[in-house]
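Structural description and commentary
Take a look at the letters that make up each chain.
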Amino acid sequence: MTATTAKTNLLGMSQGMLEQFLAERGEKPFRARQVMPWSHQRGVTDFDAMTDLSKKLREQLEQDAEIVLPTVQSRHDSEDGTSKWLFATDGGQAVETVFIPEPGRGTLCISSQVGCALDCAFCATGAQGFNRNLTSAEIIGQVFVANNELPRRDNDEPAVTNVVFMGMGEPLANYRNVIPVLELLITDYGYGLSRRRVTISTSGIVPHVEKLGDECNVSLAVSLHAPNDELRDRIVPINKLHPIADLLDACWQYAAKRANRFITFEYVMLRGVNDSLAHADELYELLANRPAKVNLIPFNPFPGTEFRRSSAETIRHFQNRLRQR
């Protein structure tokens, strides 16, 4: 009995990867620029429907390739227009994707891993442990599904105008699979998003921050959450490997590689842990006169956590202190 050769899923391939795949089959590079808009912009997964491809190429693709989307386990829509998908994975654990509509834009928050290995003390995903990295197809598939299920905007543009890697997982710990996705998001033959509208959120894997700045410099958000190493070691354990000084140095180098670029620093507000005015002063000293923006995030408690959300008054005082400084 002859073994059946598995087909190659083209969904997560960057333009360069797809050009190579087609070159191996005797096709010119421009064929990749024809295939990509069919799938990523028009939502077509059937090669036979890609009518500007030759019949020979369509038959070749049908034989060797496929475009396979991640499986939607469930979708929930809120009255405010927010939508949440759970995508099934082969390990039985689902990953989450959330669409957040705002005036003038629609932001899609996507996942890059099944679980997370970084074990940040205040993070519900970290408490679940790490299962595996998502493939490039599983990551970009979240954008594909959202763009094709959500109603288009008034100007007939796709609903998703911004993509943030702020779902499950540490994207820079899945660097190899995330880079093709970033390329698909910003290329004109993929989703055509501005680099400023694509944001990687990282806890601070310094070597990959430096590498990303050279390879695909999109917007960067850093999960800082503490203004000194002693406290950050406790709540963001990767700080023991990449302390704040090294992380910030990589951030400033990253920002310098593109004009008018700033780094967003995420700071979850934990009652009695990192929310004092003294902490605000320390944070100011770290970021003063730098291309930095601070995003203060009220903590969202989950079962089993030791942390509590800072009061609204405490958050307001912390915010005002930063503004005054």
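Above: the structure in question.
So, a few notes on the structure that sits alongside this text. (Residues numbered from 1 in each chain as written. Predicted model: local features only at pLDDT ≥ 70, side-chain atom pairs only at ≥ 80, totals over all residues. Heavy atoms only, no water.)

Looking at the environment of histidine 279
As for its placement among the helices and strands, histidine 279 is situated in helix 10 (residues 277–287). Histidine 279 sits in the buried class, given a relative accessible area of 15%. Sequence spacing of histidine 279 and isoleucine 139 is 140 residues, and the spatial spacing of their C-alpha atoms is 36 Å. Apart from the residues within four sequence positions on either side, histidine 279 is in contact with Pro227, Leu231, Tyr267, Val273, Asn274 and Phe318. (Helix = DSSP H or I, 4+ residues; strand = E, 2+ residues; numbered from the N terminus. Buried < 20%, exposed > 50% of the residue type's maximum accessible area, 1.4 Å probe, protein only. Contact = heavy atoms within 4.5 Å.)

Remarks on the nonpolar core
Within the largest apolar cluster, 94 residues are counted, with the highest numbers of intra-cluster contacts made by Leu61, Phe165, Leu182, Leu185 and Leu212. Not counting residues up to four positions away in its chain, the partners in contact with phenylalanine 165 are Ile110, Ser112, Ile139, Pro171, Val178, Val181, Leu182, Leu185, Val198, Thr199, Ile200 and Ser201. (Core = buried A, V, L, I, M, F, W, Y, C linked by side-chain atoms within 4.5 Å.)

What to know about the packing of aromatic side chains
What characterises a pair of aromatic rings is the spacing of the ring centres plus the angle enclosed by the ring planes. With the rule as written, the count across this model stands at four aromatic pairs. Centroid distance tyrosine 267 to phenylalanine 318: 5.2 Å. Interplanar angle 35°. Geometry classified as tilted. Here tyrosine 267 is found in strand 12 (residues 263–269), whereas its partner phenylalanine 318 is found in helix 11 (residues 312–324), with 51 residues between them in sequence. Accessibility assignment for this pair places tyrosine 267 and phenylalanine 318 in one class, buried. An aromatic cluster is defined as three or more aromatic residues linked by ring pairs; in this entry it consists of Phe299, Phe302 and Phe307. Directly above the aromatic system of phenylalanine 21 lies the positively charged group of arginine 25, at a separation of 3.7 Å from the ring centroid. (Phe/Tyr/Trp six-rings, centres within 6.5 Å; stacked < 30°, edge-to-face > 60°. Lys NZ or Arg CZ within 6 Å of the ring centre and 35° of its normal.)

Observations regarding helix 9 (residues 244–256)
The terminal C-alpha atoms of helix 9 lie 18 Å apart, and with 13 residues this matches the ideal 18 Å at 1.5 Å per residue to within 8%. All of the buried residues along helix 9 are Ile244, Leu247, Leu248, Ala250, Cys251, Trp252, Tyr254 and Ala255. In this fold, the buried residues of helix 9 make contact with helix 7 (206–215), strand 11 (219–223), helix 8 (229–235), strand 12, helix 10 and strand 13 (292–298). (Expected span 1.5 Å × (residues − 1).)

Brief notes about the packing of helix 1 (residues 15–23) against helix 2 (residues 30–40)
The contact between helix 1 and helix 2 brings their axes to 8 Å, and the two run at 120°. Classified by the interaxial angle, the pair formed by helix 1 and helix 2 is oblique. Seen from above, helix 1 lies across helix 2 with right-handed handedness. Counted together, Gln15, Leu18, Glu19 and Leu22 of helix 1 and Arg31, Ala32, Arg33, Val35 and Met36 of helix 2 form the full contact between these two elements. A class-by-class count of the residues in the contact of helix 1 with helix 2 yields five nonpolar, one polar and three charged. (Axes fitted to C-alpha atoms, helices over the stretch in contact; angles between N-to-C directions. Parallel < 35°, antiparallel > 145°, perpendicular 65-115°, else oblique. Left-handed = near helix turned anticlockwise from the far one by under 90°. Nonpolar A, V, L, I, M, F, W, Y, C, P; charged D, E, K, R; others polar.)

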